[in-house]
Amino acid sequence: MRVIVFFDLPTETDTDRRNYRKFRKALIKGGFMMIQQSVYAKLALNFTEVNNIINEVKKIRPDTGLVQVLSVTEKQFSKMEFISGKCKTDVINSDERMLIL
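Notes on the structure in this doc start here. What you see is a predicted model, and the numbers here were worked out from it, not measured in a lab.

1. Some thoughts on the side chain of E74
Move 1: Positionally, E74 belongs in helix 3 (residues 74-78).
Move 2: Residue E74 is classed as buried on the basis of its relative accessible area, which comes to 18%.
Move 3: Of note is the side chain of E74, whose polar atom sits 2.7 Å from the side chain of R2.

Spelled out as structure tokens, the structure:
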């Protein structure tokens, strides 16, 4: 399964920008990979791990802004299509459990 986090956080003040950077860095440190700007995904092995990941995101979320979490199966995730823009070869779109970058 994949856990996908979508977020729209304010960046108007210095505090807002600091909270944005802190949240984004916490996601990356927690094993999330960026799919596109403000959209991050993480691989989860089962529903228990999905719930643990969601609870961790709830703990690190900023007080302001919108954070949404969606969990999908690997089959659903693999059907994602990249429609606009040029084809990028550095996009990680694999269901392999171990990726070597």
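2. Here's the deal with the packing of aromatic side chains
Move 1: Scanning all chains against the criterion turns up three aromatic pairs.
Move 2: Taken together, a centroid distance of 5.1 Å and an interplanar angle of 85° make the contact between F7 and F23 edge-to-face. Remark: F23 occurs in helix 1 (residues 14-29) and F7 occurs in strand 1 (residues 2-8); sequence separation between them is 16 residues. Taken individually, F7 and F23 each receive the classification buried, so the pair is uniform in this respect.
Move 3: Members of the aromatic cluster, joined through ring pairs, are F7, Y20, F23 and Y40.

3. Some details on the sheet that holds strand 1
Pairing between the strands of a sheet comes from backbone hydrogen bonds, and it takes one of two forms, parallel or antiparallel.
Move 1: Spatially, four strands are ordered 2-3-1-4 in an open sheet, and the strand pairing comes out antiparallel. Looking along the sheet, the strands with just one partner apiece sit at the ends: strand 2 (33-36) and strand 4 (66-72). Neighbour-to-neighbour, the strand axes of the sheet open up by a mean angle of 30°, direction not taken into account.
Move 2: Alignment of strand 1 against strand 4, held across seven bridges, turns out to be antiparallel. Residue pairing across strands places I4 opposite L70, the latter belonging to strand 4.
Move 3: Helix 1 rests against strand 1, strand 3 (39-43) and strand 4 of the sheet, and its axis sits at about 170° to strand 1.
Move 4: Sitting on the sheet, helix 2 (residues 47-60) touches strand 1, strand 3 and strand 4, and the angle it makes with strand 4 is about 170°.

The rules behind each value
- Residues numbered from 1 in each chain as written.
- Predicted model: local features only at pLDDT ≥ 70, side-chain atom pairs only at ≥ 80, totals over all residues.
- Heavy atoms only, no water.
- Helix = DSSP H or I, 4+ residues; strand = E, 2+ residues; numbered from the N terminus.
- Buried < 20%, exposed > 50% of the residue type's maximum accessible area, 1.4 Å probe, protein only.
- Polar contact = N/O pair within 3.5 Å; in protein donor to acceptor, adjacent residues only side chain to side chain.
- Phe/Tyr/Trp six-rings, centres within 6.5 Å; stacked < 30°, edge-to-face > 60°.
- Pairing = 2+ DSSP bridges.
- Axes fitted to C-alpha atoms, helices over the stretch in contact; angles between N-to-C directions.
- Contact = heavy atoms within 4.5 Å.

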